[in-house]
Every structure is written in C-alpha cells, then in structure tokens.
Amino acid sequence: MIRVIVLSIYLLSSTGSFAQLAVQKVFSQKMDLPESRDIGTQVLRMGESFLGTPYVGGTLEGNPTERLVCKFDGLDCTTLVESAVALAIAKNENPTYEGFKHELTKLRYREGVIDGYPSRLHYVLDWMYENEKRGRLENITTKVGGIPFRKEINFMSNHANLYPSMAETAVWEKVREQESIINTREHTYIPKSGIHKAEPMLHDGDIVAFTSSVEGLDVNHMGIISKMGSRAYLIHASSTGKKVIMTSVPLAEYVASVPKHTGMIVARLNDI
C-alpha cells in the first residue's frame with residue numbers, strides 16, 4: 001500500500017512537472033515572435049499566436065486555494081487577453097518566464113498580490129481601473145465616444161452559488177465590499193449604436209469588453225482589436241466557436257449580433 005501511495009505521489013508530481021515544462025516551452029516560442037516597440041502591435045501579435053487554441057470556460061476557477069494559473073493550451077476570453085498582454089510586456093521588458101508570471105500577477109490581482117479569491121480582479125471594470133491606476137493602460141472609452149454607464153454591479157454577491165469559492169461568508173463579504181467600491185466610481189461605455197463611429201479611432205491591440213444586459217454584471221466578454229483599414233475586428237476566445245478566432249465581420253456588426261451585449265468599453269496599453 002505504501003508503495004502504491006508513493007508511486008501515485010510521484011506520478012502526480014511528474015505530471016505537474018511535465019505540464020510546467022510544456023508551458024515554458026510554448027512561452028519560449030512566443031518570445032521568438034517578431035519584436036515591436038509599439039505595445040499595441042505586440043499585444044496583437046501575441047493574441048494572433050493563440051488563434052485556433054481551444055476555448056476552455058472558467059479557466060481560473062476550481063482551485064482549492066487561489067494561485068496563479070498559467071495556461072496556453074486552453075483559454076477563456078479573460079485569460080486570452082491577460083496572457084497576450086503579459087506576454088507582450090514580457091517580450092519588451094523582461095523576456096523570461098518569471099517576468100511573464102510577474103506581469104500576469106500584476107494584471108490579474110489587486111496591487112499585484114495574491115491574497116485569496118477576493119484579491120483577483122473579477123470584474124472588468126475593476127481590472128481596467130486597477131491597471132490604469134498603475135500606469136499599464138488607459139481607459140479610452142470617453143475619448144472614442146463614451147457616455148455615462150450607470151449600473152449597479154452586484155452579480156457575484158447575488159449569485160454566490162455560481163462561485164464555489166464564495167461559500168465562505170468572509171469571502172462573500174470581501175467581494176461584496178469590492179462591488180460597493182466599484183459602484184462609487186463613474187464609468188462610461190459606447191452603446192451599440194455608436195460602435196461603428198468609434199471603430200476608426202481604435203488601434204491594433206486595444207482591449208475591448210462588452211457591457212452586459214444581465215442584471216448586476218458589468219461585461220459579458222472581452223477580446224483584442226485587429227484593424228483592417230478603418231474597420232476593427234475582434235480576436236477572442238469564443239464559446240460558440242470553441243476556440244480562439246477572429247470575427248468574420250467587423251466589430252459593430254459582431255456586437256449587434258449578440259443580444260446580451262449592450263455596448264463596449266475600451267482600454268489601450270501604454271507604450272513602453
């Protein structure tokens with residue numbers, strides 16, 4: 001029995017080690033992509049490098065304790081964006097796997113510190129606010145035609161049953177507190193009707209997130225902009241396409257085709 005237990009532990013350890021080595025191998029390949037000092041172009045290249053990667057929902061959920069998750073073989077919309085941005089920044093600032101993980105942690109967690117489930121920036125409005133505060137990006141929604149976005153954000157606390165990690169009262173209370181803080185801020189968005197007019201002002205590598213008709217929820221989905229002339233297309237991890245794809249129609253037409261999308265917010269990475 002002891003030998004079986006020891007063997008099981010060894011196999012689990014070996015599997016984890018092989019998975020880690022596989023991630024680092026893919027990371028090295030992405031660091032060999034052409035370099036651009038324009039951070040938007042670099043983000044777009046990293047996003048394009050994931051085209052065809054399988055869609056995996058809830059990539060960050062299900063861990064017994066909160067930890068940094070780095071996956072390149074299966075992505076949801078959030079992890080696609082975060083991975084592309086962190087890879088682009090690593091490429092230009094510190095092209096090591098540790099440099100990538102360092103930036104991914106700063107993108108994903110409040111103050112760049114992993115301190116339990118509530119420390120993760122679950123809401124995109126909060127994600128943009130915190131990363132703008134540290135100078136990594138600028139929320140340019142107002143500049144490209146945004147109008148006030150007034151909505152009470154409380155989806156997670158009102159649907160705690162959807163998030164196993166919120167079973168603990170203390171975790172629920174911390175998430176609810178953060179929702180209250182988000183609701184004290186002023187937000188803007190570009191309604192569906194204004195997206196076509198905004199498209200010429202978007203750049204390669206801009207991050208867009210689509211505001212939601214769902215009560216209490218800020219956004220449904222997010223992705224990366226790829227420009228073709230004056231039109232913008234979206235690279236995103238598609239739950240319907242089951243993989244990372246680029247939309248076959250421009251951004252305005254894509255958003256119009258999704259009833260639960262009410263508009264969009266836009267962020268632009270700062271040049272390095």
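The present account deals with the structure reproduced in this document.

Rules used throughout
Residues numbered from 1 in each chain as written. Predicted model: local features only at pLDDT ≥ 70, side-chain atom pairs only at ≥ 80, totals over all residues. Heavy atoms only, no water. Salt bridge = Lys/Arg side-chain N within 4 Å of Asp/Glu carboxyl O. Helix = DSSP H or I, 4+ residues; strand = E, 2+ residues; numbered from the N terminus. Axes fitted to C-alpha atoms, helices over the stretch in contact; angles between N-to-C directions. Parallel < 35°, antiparallel > 145°, perpendicular 65-115°, else oblique. Left-handed = near helix turned anticlockwise from the far one by under 90°. Contact = heavy atoms within 4.5 Å. Nonpolar A, V, L, I, M, F, W, Y, C, P; charged D, E, K, R; others polar. Core = buried A, V, L, I, M, F, W, Y, C linked by side-chain atoms within 4.5 Å. Buried < 20%, exposed > 50% of the residue type's maximum accessible area, 1.4 Å probe, protein only. 1 Å grid on protein atoms, 1.4 Å probe; cavity = no way out; pocket = protein on both sides within 12 Å on 5 of 7 lines; lining within 4 Å. Points joined across faces, edges and corners; volume = space filled by probe spheres on them. Patch = residues over 30% accessible without salt bridge, like charges linked within 9 Å, V, L, I, M, F, W, Y side chains within 5 Å. Areas by Shrake-Rupley, 256 points an atom, 1.4 Å probe, with all protein chains shown as cover. Expected span 1.5 Å × (residues − 1). Arc of directions from axis to C-beta. Disulfide = S-S within 2.5 Å. Polar contact = N/O pair within 3.5 Å; in protein donor to acceptor, adjacent residues only side chain to side chain. Phe/Tyr/Trp six-rings, centres within 6.5 Å; stacked < 30°, edge-to-face > 60°. Lys NZ or Arg CZ within 6 Å of the ring centre and 35° of its normal.

1. Some points on the pattern of salt bridges
Piece 1. This model, assessed by the stated rule, comprises 19 salt bridges.
Piece 2. A salt bridge links Arg 120 to Glu 66, with the shortest nitrogen-to-oxygen separation between them at 2.9 Å. Pair noted here: Arg 120 is in the loop between α4 (97-108) and α5 (124-133) and Glu 66 is in the loop between α2 (39-48) and α3 (77-93), with a separation of 54 residues, a long-range link.
Piece 3. A single salt-bridge network, built from bridges that share partners, covers Arg 110, Glu 111, Asp 126, Glu 130, Lys 133 and Arg 185.

2. Some remarks on the packing of α2 against α3
Piece 1. α3 packs onto α2 with a crossing angle of 125° between their chain directions and a minimal axis gap of 8 Å. Viewed along their axes, α2 and α3 adopt a mutual orientation that is oblique. The handedness of the crossing between α2 and α3 comes out as right-handed. Only Leu 80, Ala 84, Val 85, Leu 87, Ala 88, Ile 89, Lys 91 and Asn 92 of α3 make contact with α2, whose side of the interface consists of Ile 39, Gln 42, Val 43, Met 46 and Gly 47.
Piece 2. Grouping the constituent residues of the contact of α2 with α3 by class yields nine nonpolar, three polar and one charged.

3. Examining the nonpolar core
One broad rule of soluble globular proteins: the nonpolar side chains tend to lie buried together.
Piece 1. Counting residues in hydrophobic clusters, the biggest one holds 55 residues, and the most contacted among them are Val 43, Phe 100 and Ile 207.
Piece 2. Looking at this core, the element that brings in the most residues is α3, giving ten residues.
Piece 3. Contact partners of Val 43, with chain neighbours within four places excluded, come to Ala 84, Val 85, Ala 88, Gly 205, Ile 207, Ile 224 and Leu 269.
Piece 4. Counting 18 residues, the second largest nonpolar core, distinct from the first, contains Val 144, Phe 210, Ala 232 and Val 258.

4. Things to note about empty space enclosed by the protein
Piece 1. Applying the stated rule across the entire model yields two cavities of 30 Å³ or more.
Piece 2. Arg 110, Pro 118, Arg 120, Leu 121, His 122, Tyr 123, Asp 126, Val 175, Gln 178 and Ile 182 together form the lining of the largest cavity.
Piece 3. With three residues, the single largest contributor to the lining of the largest cavity is helix α7 (residues 169-182).
Piece 4. Across the lining of the largest cavity, the residue classes tally to five nonpolar, two polar and three charged.
Piece 5. Reported here for the second largest cavity is a volume of approximately 30 Å³.
Piece 6. As for the second largest cavity, its lining consists of Thr 59, Leu 60, Val 69, Cys 70, Lys 71, Leu 75, Thr 79, Ser 83 and Arg 108.

5. Describing a nonpolar patch on the surface
Piece 1. A cluster of nonpolar residues, Leu 51, Met 228 and Met 246, forms a patch on the protein surface that exposes about 250 Å² of accessible area.
Piece 2. Structurally, the position occupied by Met 228 is in strand β5 (residues 219-228).

6. Some words on α7
Piece 1. Over its 14 residues, α7 runs 20 Å from end to end, which matches the ideal 20 Å to within 8%, given 1.5 Å per residue.
Piece 2. Within the span of α7, buried status applies to Val 171, Val 175, Gln 178, Glu 179 and Ile 182. Across the axial projection of α7, the buried residues extend over an arc of 105°, all falling on one side. Those residues of α7 that are exposed and aimed more than 90 degrees away from the buried face are Thr 169 and Glu 177.

7. Points about the state of the cysteines
Piece 1. Throughout the structure, instances matching the rule amount to zero disulfides.
Piece 2. Summary of cysteine pairing: Cys 70 is not part of a disulfide, and the nearest cysteine sulfur, belonging to Cys 77, is at 18 Å.
Piece 3. Using a relative accessible area of 13% as the deciding quantity, one classes Cys 77 as buried.

8. Focus on the side chain of Asn 92
Piece 1. Within the secondary structure, Asn 92 sits in helix α3.
Piece 2. Within the structure, the side chain of Asn 92 is placed 3.2 Å from the backbone oxygen of Ser 36, a separation counted as a polar contact.

9. Examining the packing of aromatic side chains
Piece 1. A full pass over the atoms with the stated rule returns seven aromatic pairs.
Piece 2. Considering the side-chain rings of Phe 27 and Tyr 97, the 5.6 Å spacing of their centres and the 70° angle between planes classify their relative orientation as edge-to-face. Placement of the pair is Phe 27 in helix α1 (residues 2-31) and Tyr 97 in helix α4, with a sequence separation of 70 residues.
Piece 3. What makes Tyr 97 buried here is its relative accessible area of 10%.
Piece 4. Site record: aromatic cluster; members linked through ring pairs are Phe 27, Phe 50, Phe 72, Tyr 97 and Phe 100.
Piece 5. If you follow Lys 30 out to its NZ or CZ, it ends over the ring of Phe 50, 3.9 Å from the centre.

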